[in-house]
Amino acid sequence: MLWSLLALFVVYPLSAMFGQAFLVDGRPSLGPLLSALGQPNHRAALANSLVLGTLVGIVGTTIGFLFAFTATRCNLPDRWVRLLDAATLLPLISPPFTTSIAFVFSFGPRGLITYELLGIKGTNVYGLASTLAAEVLTYFPIAYLALRPVLAAIGGNIEEMAFSLGSSRWRVFRTVTLPLAVPGLANAFLLLFAASLADFATPLILAGSRFPVLPTEAYLQITGLFDLKGGAVLSFLLLVPAAIVFLLQRHWVGRGHFVTVTGKAGPQSALDGVSRGARCLLVALCATVALSILYLYALLLYASVVVAFGANHALTLKHYVVIFTEGWKAIKDTLIIAFLGMPVGGLFGVLVGYLVARGEFRGRQAMELVSMANYALPGTIVGIAYLIAFNDPPIALTGGALIIVACYVFRYSPTGVRTTVALLKQIDRGIEEASRSLGAGSFTTFRRVTLPLVLPAFFAGLGVVFIRSMTAISATIFLVSIDWILITVRILENMTELSLGPAAAFSVFVIAVVMLVTTAIGALLRRLPGPPGIATVAGYGGG
Amino acid sequence: MAANPVSIRLVGISARFDHRVKGEVAAVDDVSLEVAPGELLTLLGPSGCGKTTTLRMIAGFQRPSAGRILIGDHDVTEVLSNDRNIGFVFQNYALFPHLGIFENVAYGLRVRRMDEAAIRRVVGDVLELVGLKGYERQMPHQLSGGEQQRVALARAIVIKPRVLLFDEPLSNLDAKLRVQMRGEIQRLQRDVGITTVYVTHDQEEAMAISDRIAVMSKGVIAQLGRAEDLYSRPASEFVARFIGRANLLRTTVLARDGARLTLGMAGQRYVVDAPESGPPVGAVAHAVIRPETILIGPADAVGAIPGRVVTRTYLGEKTEYTVTVGADTLQIVRIGAAETERFEPGAAVGIRLPAGRLHLLPEVGT
Ligand SMILES: Nc1ncnc2c1ncn2[C@@H]1O[C@H](COP(=O)(O)OP(=O)(O)OP(=O)(O)O)[C@@H](O)[C@H]1O
Ligand SMILES: [Mg+2]
């Protein structure tokens with residue numbers, strides 16, 4: 001049953017896409033691929049994507065490391081750490097292009113900084129630099145979340161040991177901390193590289209025509225030229241590096257190269273890990289980054305309540321009136337889809353996770369891998385694959401809500417799968433056996449013991465599906481129709497029509513809803529009975 | 001409590017696993033065993049010898065790859081563990097972390113759809129029995145290890161199982177608590193009279209608690225018997241060394257007289273009980289003797305074997321020596337010896353092996 005669902009919504013679309021890309025008149029052919037590679041535009045897009053990914057990986061990992069190091073080593077007061085966390089959480093839960101929109105407000109032709117402050121006219125915000133900056137600000141929190149536990153684990157004893165041997169702080173950092181963090185850094189780099197490679201919305205808004213990247217090229221190919229085959233081929237070009245990165249990262253984490261360090265995240269060292277000067281510098285750097293994020297979001301909020309940003313700064317609520325009248329359909333559709341997908345995705349994640357962790361059947365690993373595929377692949381690929389697979393009979397689903405819900409469920413439930421697997425690995429099998437020995441059958445055991453224990457995973461998975469249903473765009477932009485439209489797609493339309501006010505208002509609305517729901521789920525999770533030790537590892541990352 | 005204790009019979013059970021490197025390995029290999037009704041039998045053995053696997057097969061958590069399991073007169077080999085009516089106490093307690101103490105203990109009763117009033121009464125009684133009255137509303141993680149272990153015990157016995165199974169229930173507790181808890185488990189088991197299989201790798205615990213002990217080695221039972229039998233008449237060098245400390249001596253068979261053998265060692269003669277198929281006259285035979293039964297005295301004592309002290313360790317209630325005798329090195333323990341008795345390293349001494357304390361091993365090896 002689960003297998004057939006996975007086959008239908010993961011395997012089938014991908015193979016349909018491959019078919020589209022590599023079959024000419026029913027025969028396998030490399031022709032389309034070669035002709036795509038022959039076009040300078042497409043070659044540039046490929047090169048640009050790789051360059052952008054690498055740069056985002058390097059810069060984002062650096063900033064993420066800076067944040068993680070500051071949070072774990074500077075003995076900051078709790079309040080400060082929470083502030084850092086809040087600033088990094090914002091980009092994770094916003095629609096992927098909020099940063100880009102705010103960038104336009106800030107640095108665009110009529111931007112706050114470029115026009116108002118510096119008085120530069122006719123600036124061009126579009127291109128590599130701004131895309132890079134926006135993506136870094138959007139995705140570095142992933143690196144921060146990945147690196148923080150690594151640095152926390154390295155801390156304490158090992159560093160104290162090195163200090164006690166007479167090393168200076170800088171020397172300890174250079175010879176102990178940094179080398180031990182290398183696997184973690186590599187992992188963070190790969191995560192960011194993948195995120196940037198897959199990012200669709202940021203380049204669509206900021207890259208401009210002089211800097212094409214693969215996802216936007218594929219999108220234009222399909223929506224502009226109605227060339228499904230070309231889109232499929234470009235998707236394949238995108239898939240290759242994405243798959244390589246995914247496998248590399250899996251290999252790295254799976255082989256346990258990862259937190260091989262002491263493992264004991266003991267109390268923070270009583271010694272200051274850094275000197276006063278370095279500490280000031282670190283805190284200042286982090287504060288700058290955090291403040292720029294907050295500044296961008298404040299700008300977004302401001303733009304949503306003025307008549308016309310850059311021209312008329314009188315306060316008004318008219319943009320909100322617009323989104324709740326003209327935009328109401330998008331809001332309604334998005335909420336329906338999100339609330340439909342939420343429980344389904346949560347349940348699906350827990351079920352697959354349970355089977356992967358506890359099931360005793362052949363192909364468990366294959367099931368895990370397949371369930372991860374849609375998550376690991378860039379959304380553009382998934383969207384195009386769904387479009388190709390479900391556009392025509394035998395299974396014509398495009399245009400409906402079902403296809404969008406299915407896309408979200410299969411794309412974003414892997415968080416639930418992974419959390420469930422992680423939780424079940426912490427939960428001793430003996431607990432379920434104890435239930436069996438006390439006379440409970442396998443169903444009763446699942447219902448009364450296993451299910452309550454994986455409830456945190458259920459809610460985490462459900463939360464992620466909800467957040468992504470509200471904010472994602474890269475895959476579903478190919479699946480919307482007149483009947484079912486999404487807020488994110490409307491925002492994009494508003495941006496291209498230069499009605500910035502409603503775009504800002506929509507974004508603020510989405511962020512508010514997402515925050516509300518995440519807070520609610522967080523509160524619920526805290527109220528769940530059970531030992532505090534079973535922590536939730538909700539991965540909010542990914543576009 | 002249990003009206004009619006039942007027996008447990010294992011008939012030639014095996015558990016085979018696919019091992020990545022070694023291919024198929026038998027964790028338990030053709031084991032047969034009968035646990036008498038109401039008895040507490042311990043499976044004792046080193047790590048990896050198959051104790052847990054045996055216990056899990058009795059519990060029904062794992063299917064034997066061959067053989068049958070009978071509880072009472074019922075063949076339960078194909079019966080699911082939830083229908084076997086067993087109580088299982090896990091090494092790491094395996095309490096339900098999301099349920100309070102009361103609900104943990106009540107779990108099995110709720111599954112059996114007992115009515116609420118009865119559940120309150122029975123759970124109250126059993127919590128009283130294990131000394132945890134007043135803990136009903138606590139969560140498992142708020143309890144100490146010993147308390148958690150008692151909850152696990154209460155949860156297992158409250159359903160009045162026909163069989164109680166323990167897998168190293170005390171190994172997570174500190175030494176003192178271990179001694180106290182094993183006393184409590186024993187008392188409880190006697191009181192309720194449930195047939196019990198207890199797994200441990202601690203020989204002292206096994207001896208303290210069991211009616212009989214099955215010593216396991218590499219998936220088979222090396223010897224089964226009361227603690228006294230295992231200690232004074234080990235069937236193999238493995239058992240001799242695993243239970244307590246043992247000196248292994250090389251002797252020569254000098255004469256045979258029905259059920260008695262005369263062994264020669266270092267010019268002395270010893271008469272011992274012979275095993276059924278004893279070694280022929282003239283053959284080399286191995287005998288064991290426990291360190292605390294060897295006598296040690298001055299070198300010029302009449303009839304003593306001459307030896308030389310290598311080390312002496314004073315431990316308060318006892319003193320331990322190692323003494324070389326010819327090519328052999330013997331461990332000797334003197335308990336409650338006079339304080340004036342001192343044989344310093346290097347001193348020549350005379351030792352004596354009381355004939356009745358020498359035990360001939362049926363075979364050497366395992
Ligand atoms: N599910 C399994 N798959 C493969 N091998 C197993 C499995 N369970 C047990 N074994 C192997 O069977 C052997 C016996 O294991 P068992 O757990 O019964 O040992 P034990 O006597 O309980 O040891 P310990 O005192 O360490 O708990 C071991 O070598 C173990 O590796
Ligand atoms: Mg064991």
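Before going into details, it helps to say that this report is about the structure given with it. (Residues numbered from 1 in each chain as written. Chains lettered and ligands numbered in written order. Predicted model: local features only at pLDDT ≥ 70, side-chain atom pairs only at ≥ 80, totals over all residues. Heavy atoms only, no water.)

Our next topic: the sheet that holds strand β4 (residues 66–71) of chain B. Residues and elements named next belong to chain B. If you walk across this open sheet you meet the 4 strands as β2-β1-β4-β5, and the pairing is antiparallel. One side of each edge strand has no neighbouring strand; the edge strands of this open sheet are β2 (23–35) and β5 (74–75). Of the strands in this sheet, β1 (8–19), β2 and β4 are in contact with helix α1 (residues 51–59), which crosses β1 at around 120°. (Pairing = 2+ DSSP bridges. Helix = DSSP H or I, 4+ residues; strand = E, 2+ residues; numbered from the N terminus. Contact = heavy atoms within 4.5 Å. Axes fitted to C-alpha atoms, helices over the stretch in contact; angles between N-to-C directions.)

Chain A puts 22 residues into the contact, and the matching count from chain B is 23 residues. Of the roughly 2,000 Å² buried between chain A and chain B, counting both surfaces, carbon and sulfur atoms make up 64%. Counting the surface chain A buries against chain B, the share from its top three residues, A:Ser437, A:Leu438 and A:Arg448, is 33%. On inspection of chain A and its partner chain B, the count reaches 1 salt bridge. Between A:Glu433 and B:Arg56 there is a salt bridge whose closest N-O contact spans 2.8 Å. Here chain A and chain B share 6 residue pairs in polar contact (both at pLDDT 80 or more) between them. Elements supplying a minimum of two residues to the side of chain A that touches chain B: α20 (429–437) and α21 (442–471) of chain A. Broken down by class, the residue content of the side of chain A that touches chain B amounts to 10 nonpolar, 8 polar and 4 charged. (Buried area = accessible area lost by both parts, 1.4 Å probe. Salt bridge = Lys/Arg side-chain N within 4 Å of Asp/Glu carboxyl O. Polar contact = N/O pair within 3.5 Å; in protein donor to acceptor, adjacent residues only side chain to side chain. Nonpolar A, V, L, I, M, F, W, Y, C, P; charged D, E, K, R; others polar.)

So, about helix α2 (residues 101–111) of chain B. Residue and element names in this part refer to chain B. With respect to burial, α2 is a largely interior element, 10 of its 11 residues being buried. When α2 is considered as a whole, its buried residues turn out to be Ile101, Phe102, Asn104, Val105, Ala106, Tyr107, Gly108, Leu109, Arg110 and Val111. Of the residues flanking the end of α2, it is Arg113, one or two places downstream, whose phi is positive at about 55°. (Buried < 20%, exposed > 50% of the residue type's maximum accessible area, 1.4 Å probe, protein only.)

Residues and elements named next belong to chain B. Alignment of strand β16 (residues 305–314) against strand β19 (residues 348–352), held across 4 bridges, turns out to be antiparallel. Residue Pro306 lies in a different strand from β19, and its bridge partner there is Gly350. Relative to strand β17 (residues 318–325), β16 runs antiparallel, the two being bridged by 6 bridges. From the neighbouring strand, Val309 faces β17, where its bridge partner is Val323. Hairpin remark: β16 followed by β17, antiparallel, with 3 residues in the connecting loop; positive phi at Gly316, about 85°.

This part covers the site of ligand 1. Residue and element names in this part refer to chain B. As a structural note, the neighbourhood of ligand 1 is formed by Phe17, Ala27, Ser47, Gly48, Cys49, Gly50, Lys51, Thr52, Thr53 and Glu168. Gly48 has a polar backbone atom sitting 2.7 Å from an oxygen atom of ligand 1. For ligand 1, an oxygen atom lies 2.8 Å from a polar atom in the side chain of Lys51. Look at ligand 1: alone it shows 630 Å² of surface, and the protein chains cover 58% of it. For the shell around ligand 1, a count of residues per class yields 3 nonpolar, 5 polar and 2 charged. (Near = heavy atom within 4 Å. Areas by Shrake-Rupley, 256 points an atom, 1.4 Å probe, with all protein chains shown as cover.)

Applying the stated criterion across every chain yields a total of 19 aromatic pairs over all chains. Relative to A:Tyr219, the ring of A:Phe200 has its centre 5.1 Å away and its plane inclined at 75°; by these criteria the two rings are edge-to-face. Remark: A:Tyr219 occurs in helix α11 (residues 214–224) and A:Phe200 occurs in the loop between α9 (169–198) and α10 (201–206); sequence separation between them is 19 residues. Summarising the burial analysis for this pair, A:Phe200 and A:Tyr219 share the class buried. The rings of A:Phe67, A:Phe140 and A:Tyr144 are connected pair by pair, giving a single aromatic cluster. Residue placement shows B:Arg155 over the ring face of B:Phe96; its charged tip is 4.7 Å from the ring centre. (Phe/Tyr/Trp six-rings, centres within 6.5 Å; stacked < 30°, edge-to-face > 60°. Lys NZ or Arg CZ within 6 Å of the ring centre and 35° of its normal.)

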